[in-house]
Amino acid sequence: MPPFNLTSLTPATFILAGIPGMEKLHIWISIPFCSMYLAALLGNGVLLFVIRTERSLHQPMYLFLSMLAITDLMLSTTTVPKMLALFWFRAGEISFGACLTQMFFLHFSFSAESVILLAMAFDRFVAICCPLRYTAVLTHSAVVKTGLVALLRSFCVIFPCIFLLKRLPFCGHNVIPHTYCEHMGIARLACADISINILYGLAVPFAAIVVDVVLIAVSYVLILLALFRRPSRTAHHKAFNTCGCHVCVTLLFYIPAFFTVLTHRFGQGIPHHVHILLANLYVLFPPLLNPIVYGVRTKQIKEKVVKVFISPKSHLLQE
C-alpha cells in the first residue's frame, strides 16, 4: 500500500511518536498509565453495575453519576489502549480514518463529560438550596433530556472538526509527536493555512467549555452562600466535605485540558514532553478519581457495594 494518496494528498497512515525526548522511558511510563486505566475500568464498571442493579439508586444524582462513568470509560478507552500498544510494541502507526475517529471520540467524550459535570453541580444546587423543589425540577424526564443535550451539543461542536481536517492537504509529514490523535496535533501536519482550524478549535469548543465552567462555579458559589446561612455546623462540614471533593475533581478535569488547548496556541516555550504528559492526565485522572470521589465517598453507594459484593460472600461463609 502506498503511504500517500497523491490525488487527495491525504496520508494513508499517521505515526504516533509518543512522548518526544522520553522514548527510552516509555516502558516505565506505561506502568502507572496501565495501572490507572485498569483501576478506572474496575471503578467505573463497579459503579455502573451497582447503580444498574439497585433500584433505590435510580435517582437523578446516581443517574448522572452513571452517565459520568460511561463518559469516563469512553474518554480513557478511546486513547489508552493505543497508547499502551505504542509504549509496549512501538505500534505507533494509525490509519487516517482511525486517527480522525479517535480524535472525534476524544473531544466528544470530553465535551459530554463537561455537560454532565454541570448537570451534577446543578443537581447539588437544587438539593441544597431548593430541597422542596428537588423532585419537581429533577424528574426522570429532565435527566433523560440532559443526557440527550450532552450528546447533541458534543456532536454538533466536534463533528465539524472532521471536515476541517479532511479538507487539508498533507504533503508528507505524518508523524504526530503525541500519544493520541487530537485536532490541532493533526492540523499542524498540513501543508496549508490552518487559520480556520485554529479559530474554530479555540472559539467554539473552548467557548462551550468555558460556559460550563462558569455555570459550575456559579452553582458552587450559591451552594456555599446557602450553607453559610445555615446554623448547623454538622451540615456545614458534611456539605463542605462533599462539595470540596467535587470541586477538586472538576479542577483536575478542566485544568489539564485548558493547559493543552492553550499550549497548542500560545505555549511554544513550554517543553513538549511536559505538554504531552499533562495532556495524558485528562484522559487518565478523571476516569480514575471520579468513582472514588463520587462513588466511594457517597454513603448510599458504599452501602450498596457492600450489599452486592460482600454480603453474599459473608452469607456463603456462614453456610
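Residues numbered from 1 in each chain as written. Predicted model: local features only at pLDDT ≥ 70, side-chain atom pairs only at ≥ 80, totals over all residues. Heavy atoms only, no water.

Going through the model one piece at a time under the given rule, you end up with 18 aromatic pairs. Ring plane angle 80 degrees and centroid distance 6.1 Å describe the contact between Phe-104 and Phe-155, whose orientation is recorded as edge-to-face. Here Phe-104 is found in helix H3 (residues 96-129), whereas its partner Phe-155 is found in helix H5 (residues 140-166), with 51 residues between them in sequence. Classification of Phe-104 by relative accessible area gives buried; the value is 9%. Residues Phe-159 and Phe-163 carry aromatic rings whose centres are separated by 5.1 Å and whose planes lie at 80 degrees to one another, so their mutual orientation is edge-to-face. Taken together, the positions of Phe-159 and Phe-163, both in helix H5 and four residues apart, correspond to about one turn of that helix. Exposure remark for Phe-159: the relative accessible area of 29% places this residue in the partly exposed category. (Phe/Tyr/Trp six-rings, centres within 6.5 Å; stacked < 30°, edge-to-face > 60°. Helix = DSSP H or I, 4+ residues; strand = E, 2+ residues; numbered from the N terminus. Buried < 20%, exposed > 50% of the residue type's maximum accessible area, 1.4 Å probe, protein only.)

Attention shifts here to the UniProt feature "transmembrane region" (unreviewed entry) in the protein. UniProt's feature table lists "transmembrane region" (unreviewed entry) at residues 27-50, 62-81, 146-165, 209-228, 240-262 and 274-294, given in the numbering used throughout. Secondary structure across residues 27-50 divides into 100% helix and 0% strand, with the first and last C-alpha atoms of the span separated by 35 Å. In this annotation, residues 209-228 is assigned 100% helix and 0% strand; the end-to-end C-alpha distance for the span is 29 Å. (UniProt positions renumbered as here; feature names shortened; annotations may be inferred.)

In spatial order, the strands read E4-E3-E5; together these three strands make up an open sheet with mixed pairing. The sheet is open, and its two edges are formed by strand E4 (93-95) and strand E5 (175-176), each paired on a single side. Relative to E5, strand E3 (residues 13-16) runs parallel, the two being bridged by two bridges. Residue pairing across strands places Ile-15 opposite Val-175, the latter belonging to E5. (Pairing = 2+ DSSP bridges.)

With that settled, consider the nonpolar core. Soluble, globular proteins show a tendency: their nonpolar side chains are buried together. Judged by nonpolar contacts, the single largest core of 86 residues is most densely connected at Phe-14 and Ile-186. The leading source of residues in this core is H3, at 17 residues. Once residues within four sequence positions are removed from consideration, Ile-186 is found in contact with Phe-14, Cys-99, Leu-100, Met-103, Leu-165, Phe-170, Ile-176 and Cys-181. (Core = buried A, V, L, I, M, F, W, Y, C linked by side-chain atoms within 4.5 Å. Contact = heavy atoms within 4.5 Å.)

Taking 1.5 Å per residue, 34 residues should reach 50 Å; helix H7 (residues 195-228) reaches 48 Å between its end C-alpha atoms and fits that length. Where H7 bends most, the angle comes to about 30 degrees, and this point is Phe-206. (Expected span 1.5 Å × (residues − 1). Bend = angle between axes of the 7 residues up to and from the residue.)

All right, on to the state of the cysteines then. Overall, the coordinates contain two disulfides when judged by the stated rule. With a sulfur-sulfur separation of 1.9 Å, Cys-99 is cross-linked through a disulfide to Cys-181. Because the torsion about its S-S bond is -115 degrees, the bridge between Cys-99 and Cys-181 counts as left-handed. Of this pair, Cys-99 sits in helix H3 while Cys-181 sits in the loop between E5 and helix H6 (183-187), and the two are 82 residues apart along the sequence. Each member of the pair, Cys-99 as well as Cys-181, is classed as buried. (Disulfide = S-S within 2.5 Å.)

Attention now moves to the pairing of E3. With three bridges connecting them, E3 and E4 associate as antiparallel partners. Across the sheet, residue Thr-13 finds its bridge partner in E4, namely Ser-95.

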